[in-house]
Amino acid sequence: MPDSKQIVIVGGGITGLTAAYYLQKRIIEEQLPYKVKLVEASDRLGGKIKSVKTNGYTFERGPDSFLIRKPSAARLVKEVGLEDDLIKNGTGQSYILVDKKLHKMPSGSYMGIPTQVSPFLFSGIFSAKGKLRAGMDFIRPKGKQSGDQSLGLFFRRRFGDELVENLVEPLLSGIYAGDIDELSLMATFPNFYELEQEHRSLVKGLRKTVPKKKSNKGKKPSMFYSLTNGLESLVDAVEDKLVPGTVVKGTGVDHIEQKDDHYHLLLSDGTVVQADSLVMSTPHFAARRMLSQYEFMDVFKEMPATSVANVALAFDQSAIKKDIDGTGFVVSRNSDYRITACTWTHKKWPQSAPEGKALLRCYVGRPGDEQVVDLSDQEIVNIVLHDLKKIMKITKEPEFAVVSRWKNAMPQYAVGHKERLAHVRTKMEAELPGIFLAGSSYEGIGIPDCIDQGEAAVEQVLSFLSQ
Ligand code: FAD
C-alpha cells in the first residue's frame, strides 16, 4: 500500500464537517490511501450553528432551521442517525411591519412576489399607486441586461419601489442581511432572471412554475426543518462519526505555503501540517489571510460581510397581554424600528419553550445600523423591548434574555460575485492545484447550500488525488 496522502479541511463549520464526514465515508468504503484532518481555530465545531439549552428552553443563537426543499441537509441528518429528531416548523400567519402597523403577509407570494393578484389588491401594505405600479409587471418588456445586476434594480424595474421596499426587501434581508441594491441577482436568485427571460412577467412565470400547494384544509405546509435538541446536535453527531483523532480544535491555520507537490500549513501554535489536498471552508477573509501572498485572493478583501445580533427573550405567557396571532414579522425599511425581524419561536418551534412560556427571538442590525451590534447586551435588549412594546402589550420583564452577536458573519454576494469567484477558482486551479474553496462565502449561505458545497469539495478532492 502506498504512503497515505493527507487531506486537510480548514474550518469546522457545517461545510467543513460535511466534507470531513463524506470524505472519510468514501475512504473507508473504497479503501483509499488517504487520511483526513480537520483544523478548527475555535475550541468548538459548528461555526455559526450554536444551540442554547437552558431552563427547559432550546433555541438557537445562529440559524434556527433549514429549508426542506433542499435535500442535502436532511440527508446528512439521516446519515448520522438523527432522522427521528427532525421536526417541521409550526405554520401560521406572518406579518410585515410597515409604517408603525403590522399587516398580514399577503397569501400567495413567493419571496414577496405575488402569485395571486387579489391578496395584493386588498393588502394595506401598498398605496393604490404602488399597486398599479406593481401591476406593470404584466405588461413591461423583459430586461435587456444579460449580465449581472442588483436584486434591487431588477425588482424595482419590474414592480416599482413600493413593493420592493415594503415586501421584497424585508424578506430578502432576513436571509442575506444585506442591501438589496448591492446584492447580485445572479448569485442569489438567478431563477428570477430566467423567469423574466422566459415568461417576461415574473407573476405569470411564478404562477406557471411554483408547484401548487396541496390543499391541507387551508393549512400552510411547513417549509423548514429543525432538530428536537437544537441544530448543534447535528454538529455533535457528525463529530461523533469522524474517525478518532481527525479533529484539531483551538488551533487555527495562519498561513499556507506551497512546497513542491504538497502544502505546508503553519498553525497558530507554531506547528506545521502537511497536506496533499485542502478544503478551505473558513469565511473568505480568513482564506485570503492564509494565502495572502497570492494577489488573486485580494478580491476577497473587498467582499463585505455584514453584522447582525439577535436576542432571545423568555416570558411567562401571562406577561404578554396583547399578543399577535402569528409566528412572527419582518420590518420594512420604511418603518421607524430598529428590530428587523421577530419570530414567535414558541409557536414556530413548540418544543423550544416549556408549557405556558413565550420565547421571542428578534434581530437587530441592517445596512446603515450595524453599529447596534457593538452596544452592550442591556442596550440591545432595551432597544428590542422598546420596539416590541409599540406593537404588543408586555407587562413584565423577560425571565431572561440571551444576546448573540454575529460580527462580519453574513457574507455579501455583491453584483459580479459569480464572475469574481470563477476568476479565483481558475487561478487556484492553475497556481494552487488541490486547494478547493467551499462554504457560505461562495455559493450559497443556507445550511443546505453549505452542505452541498462540502459534498462537492469531496468530489473535487478525490478527483484531484486520483490523477
Ligand atoms: P462557518 O459556520 O462560519 O464555519 C467556518 C469555521 O471556520 C468556523 O468554525 C471558524 O472558527 C473556522 N475558522 C475561521 N478561520 C480559521 C482558520 N484560520 N483556521 C481554522 N479554522 C478557521 N442558514 C440557514 O439555512 N437557515 C437559517 O435559519 C440561518 N440563519 C442564520 C442566522 C445567523 C445569525 C447567521 C449568522 C447565519 C444564518 N444562516 C442560516 C446561515 C448559515 O448558518 C451559515 O451560512 C452556515 O452555518 C455557514 O457554515 P460554514 O461552514 O460555511 O461557515
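Model, not experiment: these values are computed from the prediction. (Residues numbered from 1 in each chain as written. Predicted model: local features only at pLDDT ≥ 70, side-chain atom pairs only at ≥ 80, totals over all residues. Heavy atoms only, no water.)

K.L.:
Which residues make up the packing of aromatic side chains, and what values do they have?
P.N.:
Here the structure, examined in full by the defined rule, presents 15 aromatic pairs. For the ring pair Phe-155 and Phe-192, a centre distance of 5.2 Å and an interplane angle of 80° mean the geometry is edge-to-face. Of the two residues, Phe-155 is situated in helix 5 (residues 151-159) and Phe-192 in helix 8 (residues 190-199); the sequence distance between them amounts to 37 residues. We classify Phe-192 as buried; its relative accessible area is 0%. Cluster of aromatic residues (ring-pair linked, three or more members): Tyr-110, Phe-154, Phe-155, Tyr-176, Phe-189, Phe-192 and Tyr-413. (Phe/Tyr/Trp six-rings, centres within 6.5 Å; stacked < 30°, edge-to-face > 60°. Helix = DSSP H or I, 4+ residues; strand = E, 2+ residues; numbered from the N terminus. Buried < 20%, exposed > 50% of the residue type's maximum accessible area, 1.4 Å probe, protein only.)

K.L.:
Got a sec to walk through the environment of Val-299? Specific residues and values, please.
P.N.:
Positionally, Val-299 belongs in the loop between helix 11 (284-290) and strand 17 (305-316). Residue classification places Val-299 among the partly exposed positions, given a relative accessible area of 26%. Separated by 118 residues in sequence, Val-299 and His-417 place their C-alpha atoms 9.8 Å apart. In contact with Val-299, not counting residues within four places along its chain, are Arg-420 and Val-424. (Contact = heavy atoms within 4.5 Å.)

K.L.:
Which residues make up a positive patch on the surface, and what are the values?
P.N.:
Together, Arg-200, Lys-204, Arg-207 and Lys-208 line one region of the surface with positive charge. Mapped onto the fold, Lys-204 is located in helix 9 (residues 202-209). Judged by relative accessible area, Lys-204 falls into the partly exposed class, the value being 35%. (Patch = residues over 30% accessible without salt bridge, like charges linked within 9 Å, V, L, I, M, F, W, Y side chains within 5 Å. Areas by Shrake-Rupley, 256 points an atom, 1.4 Å probe, with all protein chains shown as cover. Salt bridge = Lys/Arg side-chain N within 4 Å of Asp/Glu carboxyl O. Lys, Arg positive; Asp, Glu negative; His and termini not counted. Charge placed at Lys NZ, Arg CZ, Asp CG, Glu CD.)

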